[in-house]
Amino acid sequence: MDVLHYLSIGFSVALTPLNLGLVLAGCFIGTLIGSLPGIGPINGVAILLPLAYSIGLPPESALILLAGVYYGAEYGGRISSILLNVPGDAGAIMTTLDGYPMAKRGEGGRALALSAVSSFFGSMGALLLMVIFAPLLSKLAIQFGPSEYVWLMIFAFTCLATMVGKRPIKTVVGVVIGLLFATVGIDSGTGVLRFTMGIPNLFDGVDFLVVVIGMFAISEVLILLESWARNDLKLTPVGKSFISFSDIMAVKWVIFRSTLSGFLIGVLPGTGASIASAVAYGTEKRFAEGKDEHFGNGDIRGLAAPEAANNASAAGSMVPMLTLGIPGSGTTAILLGALMMFNITPGPLLFEQQPNIAWGLIASMFIGNIALLVMNLPMIGVFVKLLSIKQSYLVPIIVMLTFVGIYSIHGDTFDLFFMIVLGVFAFILRKLGFSLAPVILGLVLGEVLEENLRRALSISGGDWSILLNGTMTYVLAIATVAALTAPRILKTLKK
Amino acid sequence: MLYDRIFAGVSLVLSGLIAWTAYHFDVPFQYEPLGPKAFPIILSIILAACCVWMMVKPDQNVWRPNKEVFTKIAIGLVIMVLYAVLFEEAGFIISTTIVGAIFSWLFGEKPLKAFLYALVLSLVSYFLLADLMELNVPTGLLLGDF
């Protein structure tokens, strides 16, 4: 068995003392970040990325740490959803619907434990699917040429536009802004300077870290400043109740179905935890119709479904990132950018040429998941206490970490100013209802898209028909059209 | 409605500028048919089309900041710019203490407590970041690193 052989390589990487420590640290920090209201996985990974880069970890270790933060935060997001009715990020919104009513009934402990168990099975199931499907997908992707890649990226952007946010047009604008960011700097093909405005710091292009930190962390601080004036959070007591075996048996099929759909939605490029949890919740609600349902009033099925699905989608979204170099979610777009900073190009060859990275990461996720379950059942009180940390203590730490992180990359204050400018820009975008994930996706994929487009047209001598040449390009083109029209067709069918 | 239209208008002008700049890139040699101009021009056309669409069909405004919110955001921004100015010159410890104290105060802490918190935070983090993690943290005035 090839897979088992590679998996054993992965575990030998993941079980080195350094990496084992980093998995545990990542999961712990992630749960902590996820449990803080207002700061989700994407901000957590963004804030820690420059630190991980600057302390000079080897690439697989840095990736293991950041991925741990990612799925740890996906795990921790439920704590503030259940106890405060405040979702840490979009992926945790559905958890509030039934989690908070349970906590209000005094079943906070039961809700937290049940959601931890659902999260665990969701991620584990998705990891098994990942082990099976990722190598197959990478084998298929090896046959991809430039035209196929161009289509793949157009498909990714189309999925993103039709599924994320209320206004597809704003997602497209976001993607284009990201793609335009990617064109800044010296053009690799001809050496021409593009859009640098004569600023030497921009000759190498806009720094990925500066954009990510500016757009996510700085704009988040501005959002926090804004919202502080309005709400004050009341913590619901956890209570003594705990999960029973019959609870788990009652939701076993819910978890199974939600894991499958969460994984599949995670694999689709551009879509992430928010859609996965919404779909899983909706499905279970329909399944339970008429069968003693209390959805929205603290039904355990309504809690288990989104939790299993959003954790499954976190694992699922790693699959296209590792095998195709196309991130499945905003957070994996940041992870992809992190890999590129280490001069590693994710894609079909990663699994064969650098199995220590791809399989080390997968193996570390198995370890991390077990660690998360262990951390979350007995240690839940620790994280609950952290919820009461005041924002007046938290915000200075966030601001400090972003500044140190960005400064330590080049030791240049230009980056700090640029980061603030981008933060204001991102704040305006968020206030106008734009989502930031498309911008990051555009930034990460911009260079690859342009390079492949130019390569394809070089091969054909400028003939655009090369983009529709071969079975795979047709399949991807049809998939793109389907992604574009499916939501409309579904809408008319419903009527 | 208004915000969306303003944004779309500004972006429309910007997309025109991008296309114009890209069109005038001075390309000394070129081996491939597409070159460095085409991609930005294609993008600016897409952006322009989206902006026109947004102008025709803008969203409702949901954001209505009051004066207090606006002041807080403005102070927060000024503080961050100040942090960027001071970071290298005054060094990490001094600038973090000042900025951390103001942020802590902005989020509702009493002035003295905010200052003490920021002082402890900056000292502890300095040793964590500079000594333990060996990051490039500017010492500035305090330790005379010029």
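Note that the structure is predicted; figures quoted are calculated from it, not measured.

Undergrad: When you look at the interface of chain B and chain A in this model, what are you seeing that I'm missing?
TA: Where the parts come together, the accessible area they lose is often given as the size of the interface. The partner chain A presents 64 residues to the 63 residues of chain B that form the contact. Contact between chain B and chain A buries roughly 5,800 Å² in total, counting both sides, with carbon and sulfur atoms accounting for 79%. At the boundary of chain B and chain A, one finds 4 salt bridges. The partner of lysine 170 of chain A in a salt bridge is aspartate 4 of chain B, and the shortest N-O contact between them spans 3.1 Å. On the surface where chain B and chain A come into contact, there are 10 residue pairs in polar contact (both at pLDDT 80 or more). For the side of chain B that touches chain A, the leading source of residues is helix α3 (residues 67–89) of chain B, giving 13 residues. Grouping the constituent residues of the side of chain B that touches chain A by class yields 43 nonpolar, 9 polar and 11 charged.

Undergrad: How should I be thinking about the environment of glutamate 220 of chain A in this particular structure?
TA: All names here are of chain A. Within the fold, glutamate 220 resides in helix α9 (residues 208–228). Judged by its relative accessible area of 7%, glutamate 220 falls in the buried class. Linking glutamate 220 and phenylalanine 427, residues 207 residues apart in sequence, is a C-alpha distance of 7.7 Å.

Undergrad: Would you explain the side chain of arginine 454 of chain A in this entry?
TA: One can find arginine 454 of chain A in helix α21 (residues 437–460). Residue class for arginine 454 of chain A comes out buried when judged on its relative accessible area of 6%. With residues near it in sequence (within four places) discarded, arginine 454 of chain A still touches Asp187, Gly189, Thr190 and Arg194 of chain A together with Glu32, Leu34, Gly35 and Pro36 of chain B.

Undergrad: Please explain a nonpolar patch on the surface as it appears in this structure.
TA: A cluster of nonpolar side chains, namely Leu112, Phe115, Leu116, Leu119 and Leu123 of chain B, defines an oily patch on the protein surface of about 450 Å² accessible area. For leucine 112 of chain B, a relative accessible area of 63% corresponds to the exposed category.

Undergrad: Sorry if this is basic, but what is going on with the nonpolar core here?
TA: Nonpolar side chains in soluble globular proteins generally cluster together in the buried interior. Ranked by size, the top nonpolar core spans 180 residues in total, and within it Met130 and Phe403 of chain A together with Phe92 and Phe103 of chain B carry the most contacts. At 15 residues, α9 of chain A tops the list of elements feeding residues into this core. In this view, phenylalanine 92 of chain B contacts Met400 and Val404 of chain A together with Tyr83, Phe87, Ser122, Ser125, Tyr126, Leu129, Val137, Pro138 and Thr139 of chain B; residues no more than four positions away in its chain are not counted. Counting residues in each nonpolar core, the second largest holds 29 residues, with Leu112, Leu114, Val251 and Ile380 of chain A among its members.

Undergrad: Honestly, the packing of helix α7 (residues 146–163) of chain A against α21 of chain A in this entry has me stumped. Any pointers?
TA: Residues and elements named next belong to chain A. For the pair α7 and α21, the least separation of the axes is 8 Å and the interaxial angle reads 150°. When the axes of α7 and α21 are compared, the pair comes out roughly antiparallel. The element α7 and its partner α21 pack so that their crossing is left-handed. Counted together, Pro146, Ser147, Tyr149, Val150, Met153, Phe157 and Leu160 of α7 and Pro438, Leu441, Gly442, Leu445, Val448, Leu449, Asn452, Leu453, Arg455, Ala456 and Ile459 of α21 form the full contact between these two elements.

The rules we used
- Residues numbered from 1 in each chain as written.
- Chains lettered and ligands numbered in written order.
- Predicted model: local features only at pLDDT ≥ 70, side-chain atom pairs only at ≥ 80, totals over all residues.
- Heavy atoms only, no water.
- Contact = heavy atoms within 4.5 Å.
- Buried area = accessible area lost by both parts, 1.4 Å probe.
- Salt bridge = Lys/Arg side-chain N within 4 Å of Asp/Glu carboxyl O.
- Polar contact = N/O pair within 3.5 Å; in protein donor to acceptor, adjacent residues only side chain to side chain.
- Helix = DSSP H or I, 4+ residues; strand = E, 2+ residues; numbered from the N terminus.
- Nonpolar A, V, L, I, M, F, W, Y, C, P; charged D, E, K, R; others polar.
- Buried < 20%, exposed > 50% of the residue type's maximum accessible area, 1.4 Å probe, protein only.
- Patch = residues over 30% accessible without salt bridge, like charges linked within 9 Å, V, L, I, M, F, W, Y side chains within 5 Å.
- Areas by Shrake-Rupley, 256 points an atom, 1.4 Å probe, with all protein chains shown as cover.
- Core = buried A, V, L, I, M, F, W, Y, C linked by side-chain atoms within 4.5 Å.
- Axes fitted to C-alpha atoms, helices over the stretch in contact; angles between N-to-C directions.
- Parallel < 35°, antiparallel > 145°, perpendicular 65-115°, else oblique.
- Left-handed = near helix turned anticlockwise from the far one by under 90°.

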